[in-house]
Amino acid sequence: MSDDEDFHGEYSEDDFDSIEEESLKLLESKKAVVENADGTLRCPFSPNRKKQSYLYKDLMQHAEGVANGKRGTEPAGRHSALAKYLKTHLSAKASPPVQRVHKLDLAAPQRKDDMDLLVWPWCGVVYNIDNSKRCETGKRVGIGNSEIKDYFKVFNPENASVCWGPSGHMGLAVVFFRRDLIGYKDAQAFEKHFIEAGHGRRDWELANQRRHMGTGLYGWLARKEDYEGRKEIQNDWLLTKILKESGDLKDVVMLVQELTSMHEQRVRNLRDTLTAKNEDFEILLHEVEVARRRADFIKEELGKRHKRELEQVKRAAQESTVRHARVMQEHNVKLQASMELFRRKCKELEEMEQQNQVDKSRLDVQKEENQRHLDMINQQSEKQRKYQAHQVMLIQKHEEESKDLAQVIQRMTLRLAAKQQAEIERQHMEEIEESKKFAELAESFEPAALASGNAEELARELKEVRRKLAEFEEQMQSLTEELETGHTTITSLSNKERAATDELEQARKATLEILEEYPEFGAEDGIYVKSMGEIDEAPWFRECKKRYINADWGLVCKTKLSKWTEKIKNPEFHCFKTVQVGQEDEWERKLDENNKDLLALKRQLGEEVHKSVVTALKEIEEWNPSGRYPIRVAWNWKKDRRAALSEIIASLGNAAIAGIKTAPPVKRRRLSGT
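The sections below set out a description of the structure shown in this document. (Residues numbered from 1 in each chain as written. Predicted model: local features only at pLDDT ≥ 70, side-chain atom pairs only at ≥ 80, totals over all residues. Heavy atoms only, no water.)

**Let's talk about the packing of aromatic side chains**
If you walk through the whole model with that rule in mind, you get 12 aromatic pairs. With a centroid separation of 6.0 Å and an interplanar angle of 50 degrees, the aromatic rings of F152 and F194 are classed as tilted. Within this pair, whereas F152 is found in the loop between α5 (145-151) and β5 (159-165), its partner F194 is found in helix α6 (residues 181-196), the two being separated by 42 residues in sequence. The residues F152 and F194 share a single accessibility class, namely buried. A ring pair is formed by F541 and W553, whose centres lie 6.3 Å apart and whose planes are at 85 degrees; its orientation type is edge-to-face. Pair noted here: F541 is in helix α14 (residues 538-547) and W553 is in helix α15 (residues 553-569), with a separation of 12 residues, a long-range link. Residue classification places F541 among the partly exposed positions, given a relative accessible area of 30%. (Phe/Tyr/Trp six-rings, centres within 6.5 Å; stacked < 30°, edge-to-face > 60°. Helix = DSSP H or I, 4+ residues; strand = E, 2+ residues; numbered from the N terminus. Buried < 20%, exposed > 50% of the residue type's maximum accessible area, 1.4 Å probe, protein only.)

**Here we look at the sheet that holds strand β9 (residues 527-532)**
Read across the sheet, 3 strands follow the order β9-β12-β13 without closing on themselves; strand pairing throughout is antiparallel. The open sheet terminates on both sides in strands that have one partner only, identified here as β9 and β13 (641-642). Pairing between β9 and strand β12 (residues 631-636): 6 bridges, direction antiparallel. Opposite K530, over in β12, you have V633 as the bridge partner. Strands β9, β12 and β13 of the sheet are contacted by helix α17 (residues 607-623), whose axis makes an angle of about 95 degrees with β9. (Pairing = 2+ DSSP bridges. Contact = heavy atoms within 4.5 Å. Axes fitted to C-alpha atoms, helices over the stretch in contact; angles between N-to-C directions.)

**Side note on a nonpolar patch on the surface**
A cluster of nonpolar residues, L181, V256, L259 and M262, forms a patch on the protein surface that exposes about 330 Å² of accessible area. For the nonpolar patch, the element with the most residues is helix α10 (residues 252-355), which contributes 3 residues. For L259, the location among the structural elements is in helix α10. (Patch = residues over 30% accessible without salt bridge, like charges linked within 9 Å, V, L, I, M, F, W, Y side chains within 5 Å. Areas by Shrake-Rupley, 256 points an atom, 1.4 Å probe, with all protein chains shown as cover. Salt bridge = Lys/Arg side-chain N within 4 Å of Asp/Glu carboxyl O.)

**Describing the environment of R508**
Mapped onto the elements of the fold, R508 is located in helix α13 (residues 454-517). Taking the C-alpha atoms as reference points, R508 and L645, 137 residues apart in sequence, are found 6.5 Å from one another. Each residue touching R508, except ones within four places of it in the same chain, is listed here: R642, A643, A644 and L645.

**Details of the packing of helix α3 (residues 56-67) against helix α4 (residues 73-89)**
Interhelical geometry of α3 versus α4 gives an angle of 145 degrees and a closest axis separation of 7 Å. Our pair here, α3 against α4, has a crossing hand that is left-handed. The residues of α4 that touch α3, namely those facing Y56, L59, M60, H62, A63, E64, V66 and A67, are P75, A76, H79, S80, L82, A83, L86 and K87. When its residues are assigned to classes, the contact of α3 with α4 shows 11 nonpolar, 3 polar and 2 charged. (Left-handed = near helix turned anticlockwise from the far one by under 90°. Nonpolar A, V, L, I, M, F, W, Y, C, P; charged D, E, K, R; others polar.)

**As for the pattern of salt bridges**
Here the structure, examined in full by the defined rule, presents 20 salt bridges. Its salt-bridge partner being R223, residue E191 comes within 2.7 Å of it at the nearest N-O pair. Taken together, the residues span a long stretch of sequence, with E191 in helix α6 and R223 in the loop between β7 (218-221) and α8 (224-228) at a distance of 32 residues. Note that E289 and R293 form a salt bridge whose closest N and O atoms lie 3.3 Å from each other. In this pair, E289 and R293 are both assigned in helix α10, 4 residues apart and thus about one turn of the helix distant. Assessed through its relative accessible area of 29%, E289 is described here as partly exposed. The exposure class assigned to R293 is exposed, which follows from its relative accessible area of 55%. Each of E289, R292, R293 and D296 takes part in one network of salt bridges that share partners.

**Here's the deal with the packing of helix α16 (residues 596-605) against α17**
Interaxial distance between α16 and α17 falls to 7 Å at its minimum, and their mutual angle equals 145 degrees. Between α16 and α17, the contacting residues are L598, L601, K602 and L605 on the first element and E607, V609, H610, V613 and L617 on the second. Per-class residue counts for the contact of α16 with α17 are 6 nonpolar, 1 polar and 2 charged.

This is the structure:
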């Protein structure tokens, strides 16, 4: 679809007409000013343009260009109204028509210029080339085109052509120069060289009349007489033929005028292109600013939504824990009922064995099979019970560790407060000692006034402060011991947490092995094993089969898929970049959408194949960025996330219960003759 189709599909003609009518009213009411004070014109609908002074024809060209362009409905409608306003109200400012000039009755004088018509592109004629040698057939031979060009290389020739006739080499050649003024300068230097050497055109004509050419070369610029030919000169028709095939007669003044006109036209075209590009750049700059503001708004909204979703995930995790405990209890009850059912069936089999001795061998075989099945169920139930007990133990450990950490933090806070209080008391005691010293000093000066009261009171306060300080030191000693105990406890809890994490990973590994061996156990709950970082092959086969019809598309698909698999595993394949998000110290690794390899893959095989590779790259970056090989994890396909250990255990329990319920019944064989 073209740009015009996009433009008319996005906007309607009613919008265009309404905008044009409103803009025309603004212009007619003089609210939108078009005329400047100096008599020039301006565009009131392009205030950001640097140029605000136009002639009538320039402003009309600008208005019509924007009205017919693809900048949107609003700019097109406004500039269309401006064009109508200029035609209706300001047509008098257009350039006045050229008035007719009356001719004189007398005949106009005519100028006669002796134009020196030259062959263009510039050509040089070379005569008297040595052709005295003959070949075996008797024809004359001489130097060729490349030797002539190399001989005159100081004059920068572009090419050279030697004349050959029925008798062989004619001793005549044409040298071609560049088509511009620099080539003309080289051609003049070529002719001047021969004139100064006494071997120019006139010298050649005199020598030709005397029938004595000598051994030197003669040369000059090709002109009209060379182009049209001279009958009195032998073999001149060969020169005329070459010149007419390669060029035409031109005057130097005519060529300069043509080149000047071409240059002026090129300058005008470049000026118009630059003006259009500036206008497009201003519009693009405005669009980029609008897009940037919208991106900032979207980023802020995404941050708020992320916070809300995080809170919802936390609440959902708490609810899932409670729900999991309830489901596990229900599964235990169902498992006990199933085991009781199997015990009753075993008892019935024993009674059947006593009643039917003839079918004893068959009953023994069936009994052994049922016993093996029961043992398998018992093993599964025991494993289920161990997993449940281990998970409950992990939950209890995490709760106890959280409580212990909270108590340690509280004790450390109390210790810090006590230490601060002791420091305050120590400062108070120092102030009291200073006060006592000051009181004793004052008593020495005024014994009558301070003999009885102030010193004794300060001594009592000092004694009380020292007692409190001793108590605080004892508390500090106790808190120090508690802090050391807390550090020991924290170390022990950290070790226990690491051990619990290792046990949890071992449990995940064991459940993953069970799901890999028995994938049907998690089928009902949508839990399967997924390889994170592995490319989905389905879109590759579809696109290659569709695009490589005439080739072996299967081999092409496997080759391309193998190449991209190795590229994903290669740590030197840099397709991620670190970008700043939010604050200055917040960074995030994101996929580089402008990676040339990914863009080339998208152009070659389409969007679905590109999406499969991008998904594999994001998974390998999330799950195994250091090793860069696929990691197999248990995946909940219904919720499209990694399956929790509780979900895997619940699924295995459901599968075990379903296996008990669907166990094959024991069939009795009829006795012959009964």
